[in-house]
Amino acid sequence: MASEVAVSRSSGHSMAGMDMSGGSGMAAMSLIGTGRKLAAGLLALVLLAFALRWLARAFDAARAMPAGVPEPVAGIRADALSPACHAAMALGMAVMFVLLL
């Protein structure tokens, strides 16, 4: 009978060494640092859009054939290098901002 009383008293509400009165900070929602993450995410999206636009311009410039030339010119055209460089830099910055998330 004494063991049944001891079992009914220790139903898990008062375990030895466990203090459950305050709750944990992990369970509470927090918006601290959200502004920085939002800014980094928006900058990453904008820079990715710029990178894709400049990359498309670079491909178009490299693919365009000069007037009067019957065959495609081998090599990289000089007017395709500037947008390709801008695309590479914007893509690198977008990756950096994604890593900040």
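Residues numbered from 1 in each chain as written. Predicted model: local features only at pLDDT ≥ 70, side-chain atom pairs only at ≥ 80, totals over all residues. Heavy atoms only, no water.

> Explain the overall build of the protein to me, using residue names and the numbers behind them.
Broken down by element type, the protein carries 3 helices and 0 strands. For the protein, the succession of helices and strands along the chain, N to C, is α-α-α. (Helix = DSSP H or I, 4+ residues; strand = E, 2+ residues; numbered from the N terminus.)

> How would you explain the packing of helix α2 (residues 34-63) against helix α3 (residues 81-100) if you had to name every residue and give the values?
Contact geometry for α2 and α3: axes closest at 8 Å, N-to-C directions at 160°. With respect to α3, the axis of α2 lies roughly antiparallel. Handedness of the crossing formed by α2 with α3: left-handed. Here Ala40, Leu43, Ala44, Leu47, Leu48, Phe50, Ala51, Trp54, Leu55, Arg57 and Ala58 of α2 lie close against α3, whose contacting residues are Pro83, Ala84, His86, Ala87, Ala90, Leu91, Met93, Ala94, Phe97, Val98 and Leu100. In terms of residue class, the contact of α2 with α3 is made up of 20 nonpolar, 1 polar and 1 charged. (Axes fitted to C-alpha atoms, helices over the stretch in contact; angles between N-to-C directions. Parallel < 35°, antiparallel > 145°, perpendicular 65-115°, else oblique. Left-handed = near helix turned anticlockwise from the far one by under 90°. Contact = heavy atoms within 4.5 Å. Nonpolar A, V, L, I, M, F, W, Y, C, P; charged D, E, K, R; others polar.)

> How would you summarise α3 if you had to cite specific residues and measurements?
End to end, α3 covers 29 Å across 20 residues, agreeing with the expected 28 Å (1.5 Å per residue, within 8%). All buried positions along α3 are accounted for by Pro83, Ala87, Ala90, Ala94 and Phe97. For α3, the buried positions fall inside an angular range of 90° around the axis, keeping them on one side. Among the exposed residues of α3, those pointing more than 90 degrees away from its buried face are Ala88 and Leu99. Where α3 is buried, its residues touch α2. (Expected span 1.5 Å × (residues − 1). Buried < 20%, exposed > 50% of the residue type's maximum accessible area, 1.4 Å probe, protein only. Arc of directions from axis to C-beta.)

> Provide a residue-level description of the confidence of the model for the protein, including the pertinent values.
Counting all residues, the mean pLDDT for the protein is 77, and 58% of those residues have values of 70 or more. At the low end of the mean pLDDT range in the protein sits helix α1 (residues 2-9), at 53; at the high end sits α3, at 93. (pLDDT = per-residue confidence, 0-100.)

> Describe the nonpolar core, with residues and values.
If you look at the biggest cluster of nonpolar residues, it comprises 7 residues: Ala40, Ala44, Leu47, Ala51, Ala90, Ala94 and Phe97. Residue contributions to this core peak at 4 residues, all from α2. With residues up to four places along the chain from it excluded, the contact list for Phe97 reads Ala40, Leu43, Ala44 and Leu47. (Core = buried A, V, L, I, M, F, W, Y, C linked by side-chain atoms within 4.5 Å.)

> Please give an account of α2 that cites residues and values.
Under the 1.5 Å per step criterion, the end-to-end length of α2 is 43 Å for 30 residues, consistent within 8% with the ideal 44 Å. Among all positions in α2, only Ala40, Gly41, Ala44, Leu47, Ala51, Ala58 and Ala61 are buried. Looking at the packing, one finds that the buried side of α2 touches α3.

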